[in-house]
Amino acid sequence: MSDQQSESHPHSKFTRRASQLKAASAFIVRLREMLSSITIDSLPNPTVSLISIHPHEKLKESFSKLLDHGILSAPVEKKEGGYEGFLDLRELVSAIVGIHQAQKEMIPDLEDYVNQLRDHPAMLPAILAGHDHLDTWTPSYMARICPIVSVPPQATLLDVCEHLGRGAHRVAVVEESGVIKQIISQSWMMDALCDLIEDMDSQIGISPVASISLETLGIAPKHVYSCKDTDVAIQAFRIMNSHKISGIPIVNSSGVLIGQVSGQDLKNFLKKRDTSDLDKQLKDFADLSQPISKFSVHQSSKVSEVITRFSDTKSHRLFLVDSNGLLIGVVSLKDILALLID
């Protein structure tokens with residue numbers, strides 16, 4: 001049998017895939033071992049001071065603090081000590097949708113709209129800084145929507161991964177005194193995984209891992225919500241609000257990925273506070289100048305490449321495209337971290 005025939009033989013494909021799965025399993029086991037050997041209190045102290053929201057701060061001041069520091073969330077302190085939860089900038093997607101709808105319907109009295117929100121707790125995130133009517137709402141009240149997931153300083157990085165892999169966006173490291181020492185986000189963990197993979201490569205070599213793809217690891221295309229470049233911006237925010245996601249891809253009329261609407265667009269909107277921008281088409285609203293390769297991957301992409309891409313871009317999602325650039329799915333930080341807890 002020729003080499004070409006052997007390569008195309010079903011048994012050869014099965015053997016090669018079995019070998020890849022074995023390498024993938026060994027890779028994940030080794031990563032878990034390394035993560036479980038590192039405790040948080042053995043790491044260098046954070047170089048950046050923790051940003052928190054004080055109980056007396058108004059909502060406008062609190063959200064401005066998030067924007068000014070370029071962060072998505074911050075813990076809200078209690079007056080009596082401890083923390084209420086996190087104030088999350090992404091919750092403002094609901095506010096964008098709600099305020100835009102209120103203005104479109106020309107509600108004569110915004111106070112009536114606020115009263116509607118009071119009667120429907122599920123719409124609590126629809127509180128937008130910049131409207132004086134809403135200053136009676138406090139960060140402490142908002143923070144109850146996003147409770148704190150915590151671990152002690154003696155916890156391992158694997159303990160943190162298990163929380164992040166099950167859906168937590170961030171984990172607070174809380175000292176015995178009840179004070180938050182630091183916050184470990186999904187993006188922070190991706191940086192740590194990058195460093196560990198480099199260490200593995202230098203210590204034992206991980207050349208077999210270079211052949212492990214997303215497809216081999218079982219990360220397959222799945223439904224992804226998207227918008228066309230001719231859709232208006234508010235439609236993107238409505239989808240984000242309805243499905244509790246922080247970003248969605250933008251495709252052209254052929255279904256080819258050309259951009260995304262992310263948290264950065266949300267920050268820019270909040271700084272301008274001009275709802276007229278929400279009626280612009282996405283091709284005029286979003287920044288479509290970034291190269292698609294920056295936030296897209298293929299099923300054949302190697303797991304080490306994907307982790308590095310997440311770390312470099314600080315993105316929370318990468319979009320799966322086929323060989324023609326057609327959008328076929330999405331890979332999140334949670335998908336990668338979940339590999340370490342299964």
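Above this text you will find the structure in question.
The structure presented is a predicted model; accordingly, all values stated were derived computationally and were not measured.

Participant: Explain the overall build of the protein chain to me, using residue names and the numbers behind them.
Facilitator: Along its length, the protein chain carries 13 helices and 11 strands. Nonlocal contacts in the protein chain, meaning residues at least 24 apart in sequence, comprise 61% of its contacts between residues at least 6 apart. Accessible area of the protein chain: about 17000 Å², with a carbon and sulfur share of 50%.

Participant: Let's hear about helix 12 (residues 303-313): which residues, and what values?
Facilitator: Two residues of an α-helix separated by three or four positions point the same way, owing to the 3.6 residues in each turn. Every buried residue belonging to helix 12 is among Val-303, Ser-304, Val-306, Ile-307, Phe-310 and Ser-311, and all of these are buried. Burial along helix 12 is one-sided: seen end-on, the buried residues are contained in an arc of 165 degrees. Positive phi appears at Lys-314, one or two residues downstream of helix 12, with a value of about 60 degrees.

Participant: Lay out the sheet that holds strand 4 (residues 170-174) with the relevant residues and their values.
Facilitator: Within a sheet, adjacent strands bond to each other through the backbone by hydrogen bonds, running parallel or antiparallel. Taken in spatial order, the three strands make up an open sheet running 3-4-5, and their pairing is mixed. The open sheet terminates on both sides in strands that have one partner only, identified here as strand 3 (150-151) and strand 5 (180-185). Two elements, strand 4 and strand 5, share five bridges in a ladder whose sense is antiparallel. For Val-173, the partnering residue across the bridge sits in strand 5 and is Gln-182. Against the sheet, helix 7 (residues 157-165) touches strand 3, strand 4 and strand 5, its axis set at about 145 degrees to strand 4.

Participant: Describe the layout of surface pockets, with residues and values.
Facilitator: One number sums up the size of the largest pocket: a volume of about 1600 Å³. Lining the largest pocket are 50 residues, and of these Gly-70, Ile-71, Ser-185, Ser-187 and Trp-188 sit closest to its centre. Taken together, the elements giving at least two residues each to the lining of the largest pocket come down to strand 1 (73-77), strand 5, helix 8 (186-203) and helix 10 (263-272). Top element by residues in the lining of the largest pocket is helix 8. It accounts for eight residues. Split into classes, the residues belonging to the lining of the largest pocket amount to 18 nonpolar, 20 polar and 12 charged. Taken as a whole, the second largest pocket holds about 760 Å³ of empty space. Of all elements in the fold, only helix 4 (92-104), helix 9 (233-243), strand 7 (248-251), helix 10, strand 10 (317-321), strand 11 (327-332) and helix 13 (333-338) reach the threshold of two or more residues within the lining of the second largest pocket. The greatest single-element share of the lining of the second largest pocket, amounting to three residues, is contributed by helix 13. Among the residues making up the lining of the second largest pocket, the classes are represented as 13 nonpolar, 11 polar and eight charged.

Participant: I'd like a description of the packing of aromatic side chains, backed by residues and values.
Facilitator: Applying the stated rule across the entire model yields two aromatic pairs. Here the aromatic rings of Phe-237 and Phe-285 are separated by 6.0 Å at their centres, their planes lie at 90 degrees, and the arrangement is edge-to-face. Note that Phe-237 is positioned in helix 9 and Phe-285 in helix 11 (residues 282-285), a separation of 48 residues in sequence. Each member of the pair, Phe-237 together with Phe-285, is buried. The ring centre of Phe-86 lies 5.0 Å from the NZ or CZ of Arg-170, which sits over that ring.

Participant: I'd like to hear about the environment of Ile-40, residue by residue, with values.
Facilitator: Examined against the element boundaries, Ile-40 turns out to sit in the loop between helix 2 (10-36) and helix 3 (59-69). Look at Ile-40 and you get buried, because its relative accessible area is 0%. For Ile-40 and Leu-157, which are 117 residues apart along the polypeptide, the C-alpha to C-alpha distance reads 6.6 Å. The residues contacting Ile-40, other than those within four sequence positions of it, are Val-151, Pro-152, Pro-153, Ala-155, Leu-157, Val-160, Val-173, Gln-182 and Ile-184.

Reading the values: rules and limits
- All chains use their own residue numbering, which begins from 1 and follows the written sequence.
- Given that the model is predicted, a residue must reach a pLDDT of at least 70 before its local features are reported, and side-chain atom pairs must reach 80 or more before they are shown or counted; all residues, however, enter totals for whole chains, interfaces and linings.
- Excluding hydrogens and water, the side-chain values take into account all heavy atoms of the structure.
- Elements are defined by DSSP. Helices are runs of H or I of four residues or more, strands are runs of E of two residues or more, and each kind is numbered from the N terminus.
- Contacts: residue pairs with any heavy atoms within 4.5 Å of one another.
- In this description, accessible areas are obtained by the Shrake-Rupley approach with a 1.4 Å probe, and a residue is regarded as covered only by the protein chains that are shown.
- Partly exposed residues are those whose accessible area sits between 20% and 50% of the maximum for their type, while under 20% is buried and over 50% is exposed, using a 1.4 Å probe and protein chains only.
- Relevant arc is that of directions from the helix axis to the C-beta atoms, nothing else.
- For two strands to count as paired, DSSP must find a minimum of two bridges between them.
- An axis is simply a line fitted to the C-alpha atoms; with a helix, the fit covers only the stretch in contact. Between two such axes, the angle follows the N-to-C directions and lies from 0 to 180 degrees.
- Points on a 1 Å grid, built from protein atoms alone, make a cavity when a 1.4 Å probe fits but cannot get out and make a pocket when they are open with protein on both sides within 12 Å along at least 5 of 7 lines; residues with an atom within 4 Å of a point are the lining residues.
- Grid points are joined across faces, edges and corners, and a volume is the space filled by probe spheres set on the points.
- All residues other than Ala, Val, Leu, Ile, Met, Phe, Trp, Tyr, Cys, Pro, Asp, Glu, Lys and Arg, Gly among them, are scored as polar; the first ten of these are nonpolar and the last four charged.
- Pairing of aromatic rings covers Phe, Tyr and Trp, the last through its six-membered ring, and needs centres within 6.5 Å; plane angles under 30 degrees mean stacked, over 60 mean edge-to-face, and all others mean tilted.
- Geometrically, a charge over a ring is one whose NZ (Lys) or CZ (Arg) sits within 6 Å of the ring centre while staying within 35 degrees of the ring normal.

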